Amino acid sequence: MLQKSLICLSIFLFSFFQPTQLKADEGMWLPLFLQSLNEADMQALGMRITAEDIYSVNQGSLKDAIVHFGGFCTGEIISDQGLVLTNHHCGYGQIQYHSSLQNNYLEDGFWAMSQEEELPNEGLYVEFIVRIEDVTEAALEGVLDESDDTRQSAIDKNLNGIIESVEKEEYQGVKIRPFFGGNQYFLFVTERYEDVRLVGAPPSSIGKFGADTDNWEWPRHTGDFSLFRVYSGPDGKPAPYSTDNIPLKPRYHLPINLNGIDDGDFTMVFGFPGRTDQYISAEAMRNRVQEINPIRVGIRDSSLSVIDRYMRQDAEIKIQYASRQARIANAWKKWRGETEGVIATKGIERRQNLEAELEKRVLANKEEMHMHMDPLQDLTRLAKKQLPYAKSDAYVRELNYNIDLFRLANYASRLIDRYENNGETGLKNYIPRAQSYLSGFYSNYRPEVDRAVSAKLLPIYFDKVADDHQSPQAQAQIEFAGDINSLVAALYDNSFLTKGDRLLSLLESDPVNLVRQLKGDPAVQFVSQLNADHERLVLSNLRPLQERERTAQRQHMAALMAVFPERTFWPDANGTMRVSYGKAEGYVDGEDIDQHFMTYLSGVIDKYQPGDYEFDLPKDLIDLFEAKDYGQYANEDGRMPVCFLGSNHTSGGNSGSPAINADGQLVGLNFDRVWEGTMSDINYDRTICRNIMVDIRYVLFLTEKLGGAKHLIDEMTLVK
């Protein structure tokens, strides 16, 4: 266990030392510190703007055009009328919500030809970052290096005081996030706009071209984009949806460069990456890629096989389950690539070598630095102790995620808890929110599909989870039913949750009676009992180990920063605004094939398979290709660029992030990573880690030529 002196020393070193070694291709950097940490390196790579152009609180800068889209993606403002560009898959839920068999925007695309035709989206928001402040000193004032529970209680008291004292406008928000495992804290002043309307989206055959087959793959040919517009109140401030609202007048919007990008050019990605675990122990990495990922992948293999079969048989189910399928498949393929990437780059061995060097340095400087051994040995022991519980937890989490009846049962339990804790008044106040969620859920729910998924997944739980971790109540239910198939049939036939119309009607007319029925519902009881037993047998043992691991990980992070002063450490992604930078460049894949950095529309046509749900294309796009009718968007050779690669370090949450060139102009839209590089969340390796971006010229070509929405192009600031 580290002494408090090491913690103080490491924070001092990180706060005040100047970097002697930067790896431009790695890291997700806080824009607040670009001037002191990264500006010179970025300019050496070719950047022609300054850190002040990227992040400023005194004038409009790039950060004022970047929005957190719905809290799960990134978007960017591309006109002075609040037009937002993000990925098609980020706007997928909204496109699906507005789709029907009569107006199938998923299949046909959608283009609002005037602002009056733009479609509102309840619950969708975008959030701007006004400014970022380092509040570490105030957050850790009087805080001792104790257990994380005790420590966090003292920190929370400090954070509450900081939030109360922040100078901000009444309509602005404040959030504080920990960095480096809780060794540093940063404050973000935000502005959230909740009137965000759908403006345009290409057909899914373009926006999702390649679907599951091409997901996380290269070469890529997906036009993964959609357009929204942010509205403000008449006073320019955030306001709920109203027909009186006006298009937002942003502090800054991104100019768009039509010259495109060349191999080796500087690129920057600006957005809100979700989470990375770049500093976990070698043992934790081994657990993740060799034990937990195969469990999660295996369950989703089974789930997707069922859903895919039904989607191919029924056009309506294809629409209804499109978003579910994409949601399930996204992580499924990512976990597979992460595992293979770590193995291919010997990531575990490299982490073990780093740990060996760390312990060597710690021992060599023990007396000089007045510290005990780094908590690495604790981290290794804790990872081994956690593994049996973590495996069981992975199975149960995947059941709750993949089986919709489980999702409904868990939601029903929340309704029951709200009634029991807050009474009838509290329940009725919650009804509008419940109606919104459940009506959307049931509009795309098919019990026969979900029943087949359950019949496929439940046997995995009883076959694979350790006997002493299985729910005795669930085992008793199977014995009573006779077998798993009979149990599944009983749950779906007798549960009120599979009868959406009746449930929604009762929710509106008599919510108290609905809650009483749900308390006795067989599916609610089964899922509640299984999860309660899981809590008692698994999570009650896993959580204390995880809490001890968090303490050890924080101290390990402090030790790394103290013991390796020649390195510059970047904080793991945590959903906050970050900048990554590198170059537009290809790579050599695992089969020693040199992958070129760019793809073209000819490659889209080569993949075209009429009638195939992954590789079909609109006839209009084929006609445009044959006529070479690309307008002003073709490159100098007369070809239509589609996607390109970069060595920018990205993660989930960077979907929709702008790809920005050396002059601060928009050249592309980030949407994916290559298969071999999905392990960059835990083990970045520049040799194979590449992010995939839609070329902005393809976005504009599709908007104008295929969508007929030149009025949107006219809003934008185009640079040639």
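It should be noted that the structure appears before, not after, this text.
Cut-offs and rules
- The residue numbering used here restarts from 1 in each chain and proceeds along that chain's sequence as written.
- Only residues with pLDDT of at least 70 are given local features in this predicted model, and only at 80 or more are side-chain atom pairs given and counted; all residues enter the totals for whole chains, interfaces and linings.
- Just so you know, side-chain values use all the structure's heavy atoms and leave hydrogens and water out.
- Any residue under 20% of the maximum accessible area for its type is buried, any over 50% is exposed, and the rest in between are partly exposed; the area is computed with a 1.4 Å probe on protein chains only.
- Elements are defined by DSSP. Helices are runs of H or I of four residues or more, strands are runs of E of two residues or more, and each kind is numbered from the N terminus.
- For two strands to pair, DSSP has to find at least two bridges joining them.
- In this analysis, rings of Phe, Tyr and Trp, with Trp reduced to its six-membered ring, are considered paired at centre separations within 6.5 Å, and the interplanar angle assigns stacked below 30 degrees, edge-to-face beyond 60, and tilted for intermediate values.
- We call a charge positioned over a ring when the NZ of a Lys or the CZ of an Arg lies within 6 Å of the ring centre and within 35 degrees of the ring normal.
- For this analysis, a polar contact is any N or O atom pair within 3.5 Å, provided that within protein one partner can donate a hydrogen and the other can accept it, and provided that sequence-adjacent residues contribute only side-chain to side-chain pairs.
- The axes used here are C-alpha line fits, helices contributing only the stretch in contact, and every angle between their N-to-C directions lies in the interval 0 to 180 degrees.
- An angle below 35 degrees is read as roughly parallel, one above 145 as roughly antiparallel, one from 65 to 115 as roughly perpendicular, and any other as oblique.
- For this analysis, residues touch if any pair of their heavy atoms sits within 4.5 Å.
- Any residue outside Ala, Val, Leu, Ile, Met, Phe, Trp, Tyr, Cys, Pro, Asp, Glu, Lys and Arg is labelled polar, Gly included; the first ten of those are nonpolar and the last four are charged.
- For the purposes of this section, nonpolar cores are sets of buried Ala, Val, Leu, Ile, Met, Phe, Trp, Tyr and Cys residues that join through side-chain atoms within 4.5 Å.
- Each reported salt bridge corresponds to a side-chain nitrogen of Lys or Arg within 4 Å of a carboxyl oxygen of Asp or Glu.

**Student:** Sorry, what's going on with the pairing of strand 20 (residues 666-673) here?
**Tutor:** Side-chain direction in a regular strand flips from residue to residue, so the side chains alternate between the two faces of the sheet. In terms of burial, strand 20 is largely enclosed, as 8 of its 8 residues are buried. Where strand 19 (residues 658-660) lies against strand 20, 3 bridges are found, and the strand directions are antiparallel. In the strand pairing of strand 20, Ile-660 is matched with Leu-666. In terms of strand pairing, strand 20 meets strand 21 (residues 691-695) through 5 bridges, oriented antiparallel. Bridging across to strand 21, Gly-668 finds its partner in Asp-695.

**Student:** I tried to follow the packing of aromatic side chains on my own but got confused; where do I start?
**Tutor:** Per the counting criterion, the structure on display carries 20 aromatic pairs. For the pair Phe-69 and Phe-72, a centre-to-centre distance of 6.2 Å together with 90° between the ring planes defines the contact as edge-to-face. Looking at Phe-69, the relative accessible area reads 0%, which means it is buried. Taken together, Tyr-411, Tyr-437, Phe-441, Tyr-442 and Tyr-445 form an aromatic cluster joined through their ring pairs. A cation sits over an aromatic face here: Arg-639 above Tyr-600, 3.7 Å from the ring centre.

**Student:** Sorry if this is basic, but what is going on with the side chain of His-649 here?
**Tutor:** Mapped onto the elements, His-649 comes out in the loop between strand 18 (641-646) and strand 19. Here Gly-27 takes part through its backbone nitrogen, which lies 3.0 Å from a polar atom of the side chain of His-649. Within the structure, His-649 has its side chain in polar contact with the backbone oxygen of Ser-680 (distance 3.2 Å).

**Student:** Quick question: what am I supposed to make of the packing of helix 17 (residues 404-442) against helix 21 (residues 500-509) here?
**Tutor:** A pair of packed helices is characterised by two quantities: the angle between their axes and the separation of those axes. Where helix 17 contacts helix 21, the two axes come as close as 11 Å, and the packing angle between them is 170°. Taken together, the axes of helix 17 and helix 21 lie roughly antiparallel to each other. Between helix 17 and helix 21, the contacting residues are Ile-431, Ala-434, Gln-435, Leu-438, Ser-439 and Tyr-442 on the first element and Gly-500, Leu-503, Leu-504, Leu-507 and Glu-508 on the second. Its residues assigned to classes, the contact of helix 17 with helix 21 shows 7 nonpolar, 3 polar and 1 charged.

**Student:** Explain the environment of His-711 here, please?
**Tutor:** Along the chain, His-711 turns up in helix 27 (residues 710-715). His-711 sits 349 residues away from Val-362 along the chain, and the two C-alpha atoms are 63 Å apart. In contact with His-711, not counting residues within four places along its chain, are Ala-112, Met-113 and Ser-114. A distance of 3.0 Å separates a polar side-chain atom of His-711 from the backbone oxygen of Ala-112.

**Student:** I'm lost on the nonpolar core in this one. Help?
**Tutor:** Among soluble globular proteins, nonpolar side chains are generally buried collectively. Ile-54, Met-268, Leu-601, Tyr-698 and Phe-701 are the most contacted members of the largest nonpolar core, which totals 110 residues. Per-element accounting of this core gives the leading share, 7 residues, to helix 26 (residues 696-706). When sequence neighbours within four positions are dropped, the list of residues in contact with Tyr-698 reads Ile-206, Gly-223, Leu-601, Val-604, Leu-621, Met-640, Pro-641 and Val-642.

**Student:** Any chance you could explain the side chain of Arg-446 here in plain terms?
**Tutor:** Positionally, Arg-446 belongs in the loop between helix 17 and helix 18 (447-464). At 3.0 Å, the side chain of Arg-446 and the side chain of Gln-320 are in polar contact. When neighbours within four sequence positions are excluded, Arg-446 is seen to be in contact with Asp-314, Glu-316, Ile-317, Gln-320 and Tyr-321.

**Student:** What is the right way to look at the pattern of salt bridges in this model?
**Tutor:** Two side chains bearing opposite charge may form a pair once their charged atoms approach each other closely. If you walk through the whole model with that rule in mind, you get 43 salt bridges. Between Arg-451 and Asp-493 there is a salt bridge, and its shortest N-O distance comes to 2.7 Å. With Arg-451 in helix 18 and Asp-493 in helix 20 (residues 484-494), this residue pair connects regions lying 42 residues apart in the sequence. Looking at Arg-451, the relative accessible area reads 29%, which means it is partly exposed. The partly exposed category is assigned to Asp-493, whose relative accessible area is 45%. Here Glu-585 and Arg-686 are joined by a salt bridge, their closest N and O atoms 2.7 Å apart. On the criterion of sequence distance, the pair formed by Glu-585 in the loop between strand 14 (578-583) and strand 15 (587-588) and Arg-686 in the loop between strand 20 and strand 21 is long-range, its members being 101 residues apart. For Glu-585, a relative accessible area of 10% translates into the label buried.

**Student:** Can you help me understand the packing of helix 21 against helix 22 (residues 511-519) in this one?
**Tutor:** Between helix 21 and helix 22, the least distance of the axes is 6 Å, while the angle of their chain directions is 130°. Considering their axes alone, helix 21 and helix 22 lie oblique with respect to each other. When helix 21 is examined against helix 22, the residues Leu-503, Leu-506, Leu-507, Glu-508 and Ser-509 are found in contact with a partner set consisting of Pro-511, Asn-513, Leu-514, Gln-517 and Leu-518. Across the contact of helix 21 with helix 22, the residue classes break down as 6 nonpolar, 3 polar and 1 charged.

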